[in-house]
Amino acid sequence: MANKRDYYEVLGVDKGADKDTIKKAYRKVAMKYHPDRNPGNKEAEEKFKEATEAYEVLSDDQKKSVYDQYGFAGLDGMGGAGAGGYSHAFHDFSDIFGGMGGGGFSDIFENLFGGGGFGGFGGGRHSRTNNDGASLRYDLHIDFKEAVYGCKKDISYNRDEQCPECKGTGGAAGASRKTCPTCKGRGQVGRSQGFFVVQQTCSNCRGSGTVIENPCHSCRGTGVYSKHTTLNVKIPCGVDMGKELCIHGMGNAGTNGGNPGDLHIVINVRSDRFFEREDHDLYCAVPISISQAVLGASVEIENLDGKKITIKVPAGIQHGKFLRVKGEGVPYDGSSRKGDLLVKIMVQIPSKLSRQQAAAMEEFQKVEKPETSPELLSRESLF
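Residues numbered from 1 in each chain as written. Predicted model: local features only at pLDDT ≥ 70, side-chain atom pairs only at ≥ 80, totals over all residues. Heavy atoms only, no water.

Peer 1: Which residues make up unusual backbone geometry, and what are the values?
Peer 2: Unusually for a residue other than glycine, Lys184 sits at a positive phi of about 60°. Phi is positive for Asp279, which is not a glycine, with a value near 55°. Tracing the chain through its elements places Asp279 in the loop between strand S10 (276–278) and strand S11 (281–288). (Helix = DSSP H or I, 4+ residues; strand = E, 2+ residues; numbered from the N terminus.)

Printed below as a string of structure tokens:
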């Protein structure tokens, strides 16, 4: 843990920052270090992962509460394990922090790093009582335009489904269960962890307290089998980087009547060449000539959706100013409302002039009578 930075430091926010501030800070860091903007840059990739990990904790009230109270000791079982070791660390500490509500402390770890499933969620953990299936994570990469206006995507992944032979019991026909010899029916075994003796889910019976004498030949006693699954998922309009969509019941199947886990789809948005966004507002930059800036003009641009928009540029507009176009931004999901489009005006200074242009500028200069000793502008004008 010595090389791991504080999550608040990673996102550059104070400990008391609200969710909106945390979200904006994450977006800023994620946009800076996104792999699409830094192809082949391993350092940027690591910073992107670091920021995403920090956001997943700080944006979740339960995870944030654990982190604020216990720090990294809370999030990795106090054992100093890296991401690869979380699946075993959260078993060690599930009883210490088990009364936190929801799925308990072990679910926090499973949702973040899991134990061998694709994308980082656990692949086969069973709870001690009802043998619920594990939730899974799928990282979905979509284009900027798809995130703004919504889309449908086919996703494919492997999940555990209930064995049709034993109906999830794990036993052959007529098989009986006996007390687990490892944990003596308790479903847990003690393990020393520094000054603590913590309870760990029994690996032999997976926390059920019993084992099958005659396991099912089809699933070898697991009660499940792996199946490749394809889903058509609707992505709502206006989703942002890091948004998580949950499809209930599409995680791993439970055993012995346990509930199936959920599928958590985490959205990753590729950057666009011309547009950016902040919440429901779109941003772009448009170049205009000196004469258009001085005299004003009507400029036609193409919005992200391909719609042609005519913008009235007022005479005397300054370089870097924004013009707001109402209702041409990011749609609100389930509503006809849209944010705004903000167009940044970039006044282009020609690097070369024709004779006619140079003569015209010289005539303008005579009429303009520029100051030979201009006064300094205030500091605020620099930013």
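Having seen it, we continue.
Peer 1: Tell me about the packing of aromatic side chains, and name the residues and values.
Peer 2: Inspection of the entire model under this criterion finds four aromatic pairs. Taking the centre distance of 4.7 Å and the plane angle of 45° together, the rings of Tyr7 and Tyr67 count as tilted. Remark: Tyr67 occurs in helix H4 (residues 61–70) and Tyr7 occurs in helix H1 (residues 7–11); sequence separation between them is 60 residues. We note that Tyr7, like Tyr67, is buried. Between the aromatic rings of Tyr8 and Tyr67, the centroid separation amounts to 6.0 Å while the plane-to-plane angle is 35°, which identifies the pairing as tilted. (Phe/Tyr/Trp six-rings, centres within 6.5 Å; stacked < 30°, edge-to-face > 60°. Buried < 20%, exposed > 50% of the residue type's maximum accessible area, 1.4 Å probe, protein only.)

Peer 1: I'd like a rundown of empty space enclosed by the protein, residues and numbers included.
Peer 2: If you walk through the whole model with that rule in mind, you get one cavity of 30 Å³ or more. Looking at the largest cavity, its volume works out to about 70 Å³. Contributing to the lining of the largest cavity are Arg27, Met31, Phe144, Ala147, Val239, Asp240, Met241, Val269, Arg270, Ser271 and Arg277. Taken together, the elements giving at least two residues each to the lining of the largest cavity come down to helix H2 (19–33) and helix H8 (144–149). Residue composition of the lining of the largest cavity, by class: six nonpolar, one polar and four charged. (1 Å grid on protein atoms, 1.4 Å probe; cavity = no way out; pocket = protein on both sides within 12 Å on 5 of 7 lines; lining within 4 Å. Points joined across faces, edges and corners; volume = space filled by probe spheres on them. Nonpolar A, V, L, I, M, F, W, Y, C, P; charged D, E, K, R; others polar.)

Peer 1: Account for the sheet that holds strand S9 (residues 263–269), with residues named and values stated.
Peer 2: Judged by pairing direction, the sheet is mixed, and its three strands sit side by side in the order S1-S9-S8 without closing on themselves. In this open sheet, the two edge strands, each paired with only one partner strand, are strand S1 (136–142) and strand S8 (244–247). Between one strand axis and the next, the sheet turns through 25° on average, direction left out of account. (Pairing = 2+ DSSP bridges. Axes fitted to C-alpha atoms, helices over the stretch in contact; angles between N-to-C directions.)

Peer 1: Can you break down the sheet that holds strand S15 (residues 341–347) residue by residue, with the values?
Peer 2: What the four strands build is an open sheet, ordered S10-S11-S15-S14; its pairing is mixed. Each edge of the open sheet carries a strand with a single partner, namely S10 and strand S14 (322–325). Strand-to-strand twist in this sheet, taken as the mean axis angle between neighbours without regard to direction, amounts to 30°. Sheet topology places S10 next to S11; three bridges connect them, and they run antiparallel. From the neighbouring strand, Glu278 faces S11, where its bridge partner is Asp281.

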